[in-house]
Amino acid sequence: MSTFRALCSVAYQSLLYRFGGVALATSAVAISVFVLLSVEHVRHEARSSFASTVSNVDLIVGARTGEINLLLLSIFRIGNPTANVSWESVEALSEQQQVEWVVPISLGDSHRNFRVVGTTAEFFDRYKYGQSKPLAFDTGRPFDATLDVVVGSRVASELGYSLGDELTLSHGMADTSFTHHDQVTFSVSGVLATTGTPVDNALFVSLEAIEAIHADETSHEEKNDGQNSAHENERKEHDEHAAHEQQSVHADEHHDGHEGDEHKNAHSDDHHDGHDSGEHQNAHTDDHHEGHDNDEHQNAHTDDHHDEHDNDEHHKAHTDDHHDEHEGHEQHNAHADQHRDEHEGDEQESQHADDHHDGHEDHEQESAHDHDHHDGHDHPPVGTVTAILVGLDSAAYTLQIQRWVNEFKDEALLAILPGFALAQLWGLVGGVENVLRGISALVFISALFGLNAMMLASMRERKVEIEILRSIGAPSLFIVALLVIESLLIVTIGVLLALASLLGAISFANNLLASELGLALSLQILYPSSLIALALIYLTTFVLSLVPAWQAYAVARSYSSDPKAT
Amino acid sequence: MSHENTAVAIDVKELVFGFGGNTPPVLNIPSWKVEPNQRIFLQGDSGSGKSTLLSLLAGLRTPSSGTVNVLDTPISQLSGRKRDAFRAKNIGVVFQHFNLIPFLSVLDNVLLAAQFGSGSAAALRSHALELLQRVNLDPGLSTRKAEELSIGQQQRVAIVRALVNSPALLLVDEPTSALDYANKTSFLSLLNEVLEDTNCAMVFVSHDPSIGDMFEHRVALNDLNQSAGTR
């Protein structure tokens, strides 16, 4: 044992003696081990981070596309939606007996390079990650008003948002997006805790909000079309002033009814346009009429119009196709735009363009615009979603429901199993992974060759040392062991340096990775596969160190066979 | 600390050594004995095979034929490992130039030899320090790296290193050739002084006949070696 200690001590001091060469060899080893371990680590981490991105979701349903496309889009929010799923399909799916819950997701908007996800409040209860960990709120709570937004932890930290802050959303992705929904201001209702998943990099709003911001977009066009009939408008303004004064006691009831209708109308194509505006109006009156009793205001207003329109010259046009259905709310919706315009008009007099009739026609135009608009961009049309997260009563139904979805008649749909798709996606990068491992192994071997070259080069000066050691009774094996231990020591120092730099690099890389992919690497760098890598490193070192050791052994055996000895 | 050196220090019989091939043998010594506790000056010219003979006596080489007995042990017949162990325990060697591992401290150089000889460096630590003092080395030097010492100091450390295991045989190979005259004489008197109260036999090899004056027993290698002059 104490011979071993002597051995280590001699080896250590021998290395210090040859510091220059040893330092270079050690650096080479450190770098190569660093590369080797980081490849191992990133591979391991990426895989587990990948696998823990989403859990407790049994199926992901979307329009028919590639499985991996759907996964990338719905979970990682990479890529753009190519087709959407109609709301009818969402309902049909949720009506399936084995389906416990569905969480629709609507993508296509962004906020300063972060994706905006339209979904339902249920998302926050249903979406799980890691080992079934639920989403948690750092502050605040899920959205409940239409103009509430919940932000992911990274969005909050990067953009400095906190509870109650206001922000606007833009259509499409990135700053290059031409359309900004500048008119719609959202306020932060909650900030999510960090998850290490793409959730951190997203903003969440209700589906209604997604619809609202696009309805707003179309109302810009409407406003420009309706600037002609100023005098009509004047008269109407007059009417409306009257309405403002005669606030009806029915207003509240009416409003409640309206909200109910609005909800129903969401499922009906006929009512879409009106529905949009209604919602929009609700949104805007909140903003524009702060301090007023908005509900009463607008509802009273609507009622007035309804009544007055009996005597109005535009009455016919107005009631033409809606007569049967009109229960007030349709009118209300039609008026909504006027109402809004008027309020803007308080500042810009010339824009009091809309009269009832024009407004109505615009609604029809609007739906055409809507289509054009959505053909040009890739935003899901109103009433459709991008993907649906599905939870089942039991995992046993997974395949059954998957088949039901894949064979769905009304629409071409695709259902994927998240775990399976994640594994498939990982399979794609698996090849690259092995190439990286191969390269890092070769880098390491070449570093060992460098180490051996250094050892062999020092053999000339070592010859004398070996003679001295032999003369004081050191066995040949001692010389061999000395050389091997020196190699192992160099590699050990290299490994320690590599581990230290790996820890440093991980903390550094975490900042970058998290912002790009929402992935986080753990600082836990020792696990089976990296331990196996370390074991292989030492085994290879040992085997290769036998080359200089054998050389030294030969020197030791053929003691002073050179002419100098005589 | 001394051995019971009743055994014959060196007994060489029919020793033949050559480097192989067609070259004539370098050494051919029919018979040579060194008595216990005897100090012998072995004079030989350069290239006469002095160092080769010493390496045979130390068991660092084995003869082509014949036997070498050291302290009644047929060292030429032992296995490599046993020769190493025997050498570590019983034979001290001092070379011409390089005796010390340059990157080890003075004390570590000595203790490393002790480690191989006794299996425990710690046991001989105080003995090593005592010996270092006896060769007039400043105790402060003991922690210095060997390469930082002057040649004269290194040669004195080499004596200590060779004697730390209280060997029965000391083999010294031209240790003075690297020293100037003043250092040469002081080195030799120091060597004699250190050996005085030990029972250690010594073979001191040099090409310089003038040194031989300080020795009682003198031998010329050419008288022993039948191969001498044939080359």
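Residues numbered from 1 in each chain as written. Chains lettered and ligands numbered in written order. Predicted model: local features only at pLDDT ≥ 70, side-chain atom pairs only at ≥ 80, totals over all residues. Heavy atoms only, no water.

**What to know about the sheet that holds strand S5 (residues 73–74) of chain B**
Residue and element names in this part refer to chain B. One open sheet accounts for 4 strands, arranged S2-S1-S4-S5; its pairing is antiparallel. Two strands bound the open sheet, and with one partner strand each, they are strand S2 (27–34) and S5. Direction of pairing for strand S4 (residues 65–70) relative to S5: antiparallel, over a ladder of 2 bridges. Bridge pairing in S5 links Val70 to Thr73. (Pairing = 2+ DSSP bridges. Helix = DSSP H or I, 4+ residues; strand = E, 2+ residues; numbered from the N terminus.)

**Notes on the confidence of the model for chain B**
Across chain B, pLDDT averages 85, with 96% of residues at or above 70. Predicted complex, confidence summary: ipTM 0.89, pTM 0.63. (pLDDT = per-residue confidence, 0-100.)

**What about the environment of Arg557 of chain A?**
Residue and element names in this part refer to chain A. Residue position: Arg557 is located in helix H19 (residues 528–557). In this structure Arg557 comes out as partly exposed when scored by relative accessible area, which is 48%. When the C-alpha atoms of Arg557 and Ser476 are compared, they prove to be 7.0 Å apart, with 81 residues separating the residues in sequence. (Buried < 20%, exposed > 50% of the residue type's maximum accessible area, 1.4 Å probe, protein only.)

**Thoughts on the packing of aromatic side chains**
All names here are of chain A. Going through the model one piece at a time under the given rule, you end up with 13 aromatic pairs over all chains. Between Trp404 and Phe408, the aromatic rings sit 5.2 Å apart at their centres with planes inclined by 50°, giving tilted as the arrangement. Judged by relative accessible area, which is 25%, Trp404 ranks as partly exposed. A relative accessible area of 13% means that Phe408 is categorised as buried. Aromatic ring contacts, followed pair by pair, group Phe123, Phe124, Tyr127, Phe137, Phe143 and Phe204 into a single cluster. (Phe/Tyr/Trp six-rings, centres within 6.5 Å; stacked < 30°, edge-to-face > 60°.)

**Description of the sheet that holds strand S3 (residues 39–43) of chain B**
Whether parallel or antiparallel, the strands of a sheet pair through hydrogen bonds between backbone atoms. All names here are of chain B. In space, the 5 strands of this open sheet follow the order S6-S7-S8-S3-S9, with parallel pairing throughout. On the outer flanks of this sheet lie strand S6 (91–94) and strand S9 (217–220), each paired with one strand and no other. Between one strand axis and the next, the sheet turns by 15° as a mean value, whatever way the strands run. Across 4 bridges, S3 lies against S9 in parallel orientation. Bridge assignment links Phe41 to a residue of S9, and that residue is Arg218. On top of the sheet, helix H1 (residues 50–57) reaches S3, S6, strand S7 (169–173) and strand S8 (201–206); it is set at about 155° to S7, its chief contact. On the sheet, helix H2 (residues 80–90) packs against S6 and S7 and is oriented at approximately 80° with respect to S6. (Axes fitted to C-alpha atoms, helices over the stretch in contact; angles between N-to-C directions. Contact = heavy atoms within 4.5 Å.)

**Examining the side chain of Ser153 of chain A**
All names here are of chain A. By the element assignment, Ser153 lies in helix H6 (residues 153–159). There is a polar contact of 3.2 Å between the side chain of Ser153 and the side chain of Thr194. Leave out the neighbours within four places in its chain, and Ser153 touches Leu192, Ala193, Thr194 and Asp200. (Polar contact = N/O pair within 3.5 Å; in protein donor to acceptor, adjacent residues only side chain to side chain.)

**Things to note about the pairing of strand S8 (residues 148–151) of chain A**
Residue and element names in this part refer to chain A. Here S8 shows a buried face lined by Asp148 and Val150 and a second buried face lined by Val149 and Val151. Where S8 lies against strand S11 (residues 202–206), 3 bridges are found, and the strand directions are antiparallel. Among the inter-strand pairings, Val149 is bridged to a residue of S11, identified as Val205.

**Remarks on the nonpolar core**
Grouped together as the largest cluster of nonpolar side chains are 67 residues, with contacts concentrated most on Leu469 of chain A together with Leu170 and Phe204 of chain B. Dropping the residues within four chain positions of it, Phe204 of chain B is found in contact with Ile40, Phe41, Leu42, Val172, Pro175, Thr176, Leu188, Leu191, Ile211 and Phe215 of chain B. (Core = buried A, V, L, I, M, F, W, Y, C linked by side-chain atoms within 4.5 Å.)

**Here's the deal with the interface of chain B and chain A**
Between chain B and chain A, the residue contacts involve 29 residues of the former and 27 residues of the latter. Interface of chain B and chain A: buried area, both sides summed, is about 2500 Å²; carbon and sulfur atoms make up 63% of it. Three residues stand out in chain B for area buried against chain A, namely Leu60, Phe103 and Phe116 of chain B, and they jointly supply 25% of the buried area on that side. At the boundary of chain B and chain A, one finds 1 salt bridge. Taking the shortest distance from any N to any O, the salt bridge between Arg470 of chain A and Asp84 of chain B comes out at 2.8 Å. Counting the contacts that link chain B with chain A gives 4 residue pairs in polar contact (both at pLDDT 80 or more). When contributions to the side of chain B that touches chain A are tallied by element, the ones reaching two or more residues are H1, H2 and helix H3 (106–118) of chain B. For the side of chain B that touches chain A, the leading source of residues is H3 of chain B, giving 5 residues. Partitioning the side of chain B that touches chain A into residue classes produces 14 nonpolar, 8 polar and 7 charged. (Buried area = accessible area lost by both parts, 1.4 Å probe. Salt bridge = Lys/Arg side-chain N within 4 Å of Asp/Glu carboxyl O. Nonpolar A, V, L, I, M, F, W, Y, C, P; charged D, E, K, R; others polar.)

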